[in-house]
Amino acid sequence: MSEAGRTTPRRTPAGARRVAKHRLTSRRSSVRGVQLVGLTAALAAAAGTSAVAISPSAGPANATTSATASQLDAMTAARIERRDLASRDMARFDLSLESTRKAQADAAAVAKARAAKLSANANLTQRRALALAAAKAQAALKAKAVAAAAAKAKAEAIAKAKAAPKVVLPTTGYHLTAGFGQAGGRWANNHTGLDFAAPIGTPIDSVMAGEVIQADYEGAYGRQVKVRHADGTVTSYSHMSAFTVSVGDTVQAGDQVGAIGVTGNTTGPHVHFEVLPGGGDPIDPKPWLREHGVNP
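Residues numbered from 1 in each chain as written. Predicted model: local features only at pLDDT ≥ 70, side-chain atom pairs only at ≥ 80, totals over all residues. Heavy atoms only, no water.

### As for the nonpolar core
Of all hydrophobic cores here, the largest spans 23 residues; its most connected members are Tyr 237 and Val 257. Of all elements in the fold, only β2 (194–197), β5 (223–229), β6 (234–243), β8 (256–260), β9 (270–276) and α3 (285–291) reach the threshold of two or more residues within this core. No other element matches the three residues that β9 contributes to this core. (Core = buried A, V, L, I, M, F, W, Y, C linked by side-chain atoms within 4.5 Å. Buried < 20%, exposed > 50% of the residue type's maximum accessible area, 1.4 Å probe, protein only. Helix = DSSP H or I, 4+ residues; strand = E, 2+ residues; numbered from the N terminus.)

Here you go:
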């Protein structure tokens, strides 16, 4: 029979059932292969790796995978190791971050303490400066007050000197008992001064401002004081009962230098007063006193 004349043999119902069953079995094998691929992919994803595809085309009898159980274990172990490494790295990072924060906190504490110390030193320096300035101001005020007091005292002394009499009589409450040049048996030579008789103890005063150059016992003159004045004139006061000045003292006109007495060659209490220009020979005291504005 020719090819053209061949007819496709007719399938019996039983053969048709076998074909249908074979096709159903193939489809089920394909579904199982897909499910196996899905499971393998899920396991690989859990291990952090990509699954090797399993081909279902060969059917259930010939389905194979490129990933064996040992490979899956290895991938899982690698995944775990990477997790452990990541955990250790994170721990190191946390430790480093904590150390950095602690170092920053320590540095901030040190800086704060240093700033507080600097501030305390600045405050101490400022207080010391203020105390020093106050002390200087107080010292300046004190010095100013002392200078003012000294100036006032000087002015008062000058005013007192100006107001004080230039020349006074050597005593008060007196009467004259002998004059200059007077002769008599009481003296070896003519009388060299002026005698002012007064009760014992009556004050004897310097007739003019000057310096005490003698305060001693002088034989016939008894206790004697001599005063040198600014123009070089020396005045002498004799027969005193007591001295009230010492050598080197400065006196003003009217200052007491002693007291009326009877020491030396005398017949009664009086002061023998002499004037010696330039400290030389005595002159008559009366005209000298009158020239200076007083009349004995």
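Once the structure has been displayed, the description carries forward.
### Things to note about the confidence of the model for the chain
Put simply, the chain has an average pLDDT of 81, and 74% of its residues get 70 or more. Within the model, pLDDT remains below 50 along residues 1–9, and this stretch shows one contact once partners closer than five positions in the same chain are excluded. Low pLDDT (under 50) marks residues 29–38, which in the prediction has seven contacts with non-local residues, meaning those over four places away or in another chain. (pLDDT = per-residue confidence, 0-100. Contact = heavy atoms within 4.5 Å.)

### A word on unusual backbone geometry
One non-glycine residue, His 239, lies in the positive phi region at around 65 degrees. Mapping His 239 onto the fold places it in strand β6.

### Thoughts on the pattern of salt bridges
Taken as a whole and assessed by the stated rule, the structure comprises two salt bridges. Close ionic contact of Asp 106 with Lys 102 constitutes a salt bridge, the shortest N to O distance being 3.2 Å. Separated by four residues within a single helix, Asp 106 and Lys 102 lie in helix α2 (residues 69–163), roughly one turn from each other. With a relative accessible area of 52%, Lys 102 lands in the exposed category. (Salt bridge = Lys/Arg side-chain N within 4 Å of Asp/Glu carboxyl O.)

### Here we look at the side chain of Ser 238
Tracing the sequence through the fold places Ser 238 in strand β6. Filtering out sequence-adjacent residues up to four positions away, Ser 238 remains in contact with Tyr 221, Arg 223, Gln 224, His 270, Val 271 and His 272.

### Observations concerning the environment of Val 251
Along the chain, Val 251 falls in strand β7 (residues 250–251). Given a relative accessible area of 3%, Val 251 falls into the buried group. Note: C-alpha distance between Val 251 and Ala 209 (42 residues apart in sequence) is 5.4 Å. Other than its neighbours up to four places away in sequence, Val 251 contacts Ser 206, Met 208, Ala 209, Gly 210, Val 212, Val 227, Val 245 and Val 257.

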